[in-house]
Amino acid sequence: MSSSTPEQHQQRDNNAITSTSSPSTSWYSWLPAISSPFSSSNSTNSSSAFASSNPLGAMMMSTSSSQQQQQSHQQNRRQIAKMDQAIANRFKKTGEKYNVKVVLRGDSATGKTALLRRLRGGDFISEYQPTNEIKTAHVEWKAKGSLRDEIMLEVWDVVDKANARKISESLTLAHRAALMNGPVGEANGGIEEGAHTFPLDATMIDVYSNAHAAIFCVDPSKKWTYEYVLREIEKVPTHLPVAICLNFRDYPASKRILHIDDVEQEVARLFSETRPIRPFVFETSMLNNFGLKALSTFLHVPFLCLKRTNLESQLKQNTSHIVQAQEALRTMKTSGSYEQHQRKIEDSHEAKMAHERGNVGGGEAPSAGGAAPA
């Protein structure tokens, strides 16, 4: 056992105090020297010399350094925010896709095409241009409470009876020349000069096929346009929501014969018992977009009906899957047993051992008197 003198104890205490009072630099001594790629060693030395000789310069350098650090932190935060948004857009839960078919009906010059143009975000055109045939357009739309769903309105501007037109008007120049030059009545398609064709209209196609809503446009200054609606509503399938749009609200009161209160009372009297969803009556003006908010509110009805049908279909499918899972559980309970499972394990083990023995026997070296295998 070694002994030490009081002087040696005092020396060790002094060394301990010195080691604890002065900070150790051993924890960062292994780090390599890192210099900024935007500055050289000369500029660093000159900046240090300038800071040591000029206190004001040192203060300016510290301020500039703090500003650079703050800008760097702000840039890092912006980059992180962009990354968070990109990740959210990539992994966010998207809703269902819906295609809502809306049929626009009405007598001529009631504003069907103007309504379609407004739905597409177009401007109002005062000049009347009759529609020659059925036209369709797709409009993106958002429903309240279903912002994640992708909803596309398939709007049909329906023409009841289109006028006949020359067949040459609907053909390209090359196709028209080929038809005109061919002999009449032969298999190559020869036609007579002045022949006509009929554009697509309501007499050639069932416009309510796969439809989800019908909107009737009325000119309040022409009573026969309203009588047309009362006749045509009877032909609309009863499950389709119907809206009656009293257009041209910008007309003066003296010009408007039909009023919304009278129309609502008559519609309620005629269709409250025959249709599960009573027709909705509202006023619009394509001149200043009045009433389009009411139209958007009405469109929630056919969309929600379509969404409910989709959910009911999913519920039926879910119920079928539950029944299948229960049948699988019953089959598994009757067919599976512990003895069978153990027997399968033993058979598998025996087959594995036989396979290993076959590999060992086939890999042995041939005898001295035997011939080597080919």
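A. Broad picture of a nonpolar patch on the surface. A cluster of nonpolar residues, F198, L200, M204 and I205, forms a patch on the protein surface that exposes about 350 Å² of accessible area. Inspection of the secondary structure assignment puts M204 in the loop between strand 5 (196–197) and strand 6 (213–218). Using a relative accessible area of 49% as the deciding quantity, one classes M204 as partly exposed.

B. View of the packing of helix 6 (residues 223–233) against helix 7 (residues 260–271). One can describe the packing of helix 6 onto helix 7 by two numbers: an axis separation of 12 Å at closest approach and a directional angle of 20°. By the criterion of interaxial angle, the relationship of helix 6 to helix 7 is roughly parallel. As helix 6 runs across helix 7, the sense of the crossing is right-handed. Here Y226, L230 and I233 of helix 6 come into contact with helix 7, specifically with V263, E266, V267, L270 and F271.

C. Summary view of helix 6. Buried residues of helix 6: T225, Y226, Y228, V229, L230, E232 and I233, and no others. Looking at the packing, one finds that the buried side of helix 6 touches strand 1 (97–106), strand 6, strand 7 (242–246) and helix 7.

D. Main features of the pairing of strand 8 (residues 280–283). As judged from the four bridges shared by strand 7 and strand 8, these two strands associate in the parallel manner. Opposite I244, over in strand 8, you have V281 as the bridge partner. In this fold, the crossover linking strand 7 to strand 8 by way of helix 7 has right-handed handedness.

E. Representation of helix 7 within the structure. For helix 7, spanning 12 residues, the distance from its first C-alpha to its last is 16 Å, which sits close to the expected 16 Å at 1.5 Å a residue. V263, V267 and F271 are the residues of helix 7 that are buried. Along the axis of helix 7, the buried positions cluster into a sector of 30°, meaning they face one direction only. Every exposed residue of helix 7 that faces more than 90 degrees away from the buried side is listed here: D261, Q265 and R269. The elements touched by buried residues of helix 7 are helix 6, strand 7 and strand 8.

Criteria and thresholds
Residues numbered from 1 in each chain as written. Predicted model: local features only at pLDDT ≥ 70, side-chain atom pairs only at ≥ 80, totals over all residues. Heavy atoms only, no water. Patch = residues over 30% accessible without salt bridge, like charges linked within 9 Å, V, L, I, M, F, W, Y side chains within 5 Å. Areas by Shrake-Rupley, 256 points an atom, 1.4 Å probe, with all protein chains shown as cover. Salt bridge = Lys/Arg side-chain N within 4 Å of Asp/Glu carboxyl O. Helix = DSSP H or I, 4+ residues; strand = E, 2+ residues; numbered from the N terminus. Buried < 20%, exposed > 50% of the residue type's maximum accessible area, 1.4 Å probe, protein only. Axes fitted to C-alpha atoms, helices over the stretch in contact; angles between N-to-C directions. Parallel < 35°, antiparallel > 145°, perpendicular 65-115°, else oblique. Left-handed = near helix turned anticlockwise from the far one by under 90°. Contact = heavy atoms within 4.5 Å. Pairing = 2+ DSSP bridges. Right-handed = clockwise from strand over helix to strand, strands pointing away. Expected span 1.5 Å × (residues − 1). Arc of directions from axis to C-beta.

Don't take any of this as a statement about function, it's just geometry.
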